[in-house]
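Topology and contacts: notes
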Amino acid sequence: MARHIFSGLWGNRKDILYEVSSLYQVGVHEGRRQTDALKDRLNQDIAKLDEKMKRLTRMRLEDEISKEEFLEYKSEIEKEREKVVQQRLAFEAGVETRTDSDSVEGKIQNFLLQKMDFTEHYVDRDIISQFVDTVIPRSETCYEWYMDFDLIEKPNEKKKMVWSFKIDYNEAKTYRKEREGMLRPNQWEDLIVRVYI
């Protein structure tokens, strides 16, 4: 059942990969924009401190402040400037480059293609536990699968049925053959599966 449900919901993998890639690119673009804004702010802070140092030097040259005051203020400005420069260096060291983001996007696509391959007869338990909220057997031949694709949790009562299908004898027989088993027609009753999201 899980393979049938996930392969039906997964649909055209290229469309989904394109959607994931575009969402990732939007995130990367937004991240770069924030990165550039932070870098600009740090550069402005350094420029302001440099301007303060120039004004302080001018004040000392014109005897507006004493040598002791000058040295005290100069030390404070230099410490503050060094702190901001260190922040900028640490920030620049942690900034992701465009090639890094492209390789991350490729890794995401490869991961999704491997994990979301529902052509095999085994569905990864991690996928099931991640996306299946509840399975309720309504009778011996009727099951309701409540999926959890939302970022916000919602109770099963608020989920809507998006798909209903039947697993007939031929599908069950094919599945049993893949597992090197046997199935006789008198052993089988068609299953009805309802999927809610």
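Reading the values: rules and limits
- Residues numbered from 1 in each chain as written.
- Predicted model: local features only at pLDDT ≥ 70, side-chain atom pairs only at ≥ 80, totals over all residues.
- Heavy atoms only, no water.
- Helix = DSSP H or I, 4+ residues; strand = E, 2+ residues; numbered from the N terminus.
- Contact = heavy atoms within 4.5 Å.
- Areas by Shrake-Rupley, 256 points an atom, 1.4 Å probe, with all protein chains shown as cover.
- Core = buried A, V, L, I, M, F, W, Y, C linked by side-chain atoms within 4.5 Å.
- Buried < 20%, exposed > 50% of the residue type's maximum accessible area, 1.4 Å probe, protein only.
- Patch = residues over 30% accessible without salt bridge, like charges linked within 9 Å, V, L, I, M, F, W, Y side chains within 5 Å.
- Salt bridge = Lys/Arg side-chain N within 4 Å of Asp/Glu carboxyl O.
- Lys, Arg positive; Asp, Glu negative; His and termini not counted.
- Charge placed at Lys NZ, Arg CZ, Asp CG, Glu CD.
- Phe/Tyr/Trp six-rings, centres within 6.5 Å; stacked < 30°, edge-to-face > 60°.

A word on the overall build of the chain
Along the chain, the regular secondary structure elements total six helices and four strands. In the chain, of all internal contacts separated by at least 6 residues, the share reaching a separation of at least 24 is 68%. Just so you have it, the chain exposes about 14,300 Å², and 51% of that area is on carbon and sulfur atoms.

Let's talk about the nonpolar core
The biggest cluster of nonpolar side chains holds twelve residues, and these are Val-123, Ile-127, Ile-128, Phe-131, Val-132, Trp-145, Met-147, Phe-165, Ile-167, Leu-191, Val-193 and Val-195. Those elements that place two or more of their residues in this core are α5 (125-131), β2 (142-147), β3 (161-167) and β4 (191-196). The next biggest cluster of nonpolar side chains, apart from the first, holds eleven residues, and it includes Leu-42, Ile-46, Phe-70 and Ile-77.

Some thoughts on a positive patch on the surface
Together, Lys-52, Lys-54, Arg-55 and Arg-58 line one region of the surface with positive charge. Here Arg-55 shows up in helix α2 (residues 13-61).

A closer look at the packing of aromatic side chains
Enumeration according to the criterion identifies two aromatic pairs in this entry. Ring centres of Tyr-146 and Tyr-196 lie 4.6 Å apart, and the angle between their planes is 20°; this geometry places the pair in the stacked category. One end of the pair, Tyr-146, is in strand β2; the other, Tyr-196, is in strand β4, and 50 residues separate them in sequence. Overall, the relative accessible area of 7% leaves Tyr-146 in the buried class.

A look at the pattern of salt bridges
Scanning the entire structure with this criterion turns up seven salt bridges. Residue Lys-74 is joined to Glu-78 by a salt bridge in which the shortest nitrogen-to-oxygen separation is 3.8 Å. Linking Lys-74 with Glu-78, this pair stays in helix α3 (residues 67-94), spanning four residues, or about one helical turn. Taking relative accessible area as the criterion, Lys-74 reaches 28% and is therefore assigned partly exposed. Glu-78 gets classed as partly exposed once you look at its relative accessible area, which sits at 42%. When salt bridges with common partners are traced through the structure, they connect Arg-138, Glu-144 and Arg-194 into a single cluster.

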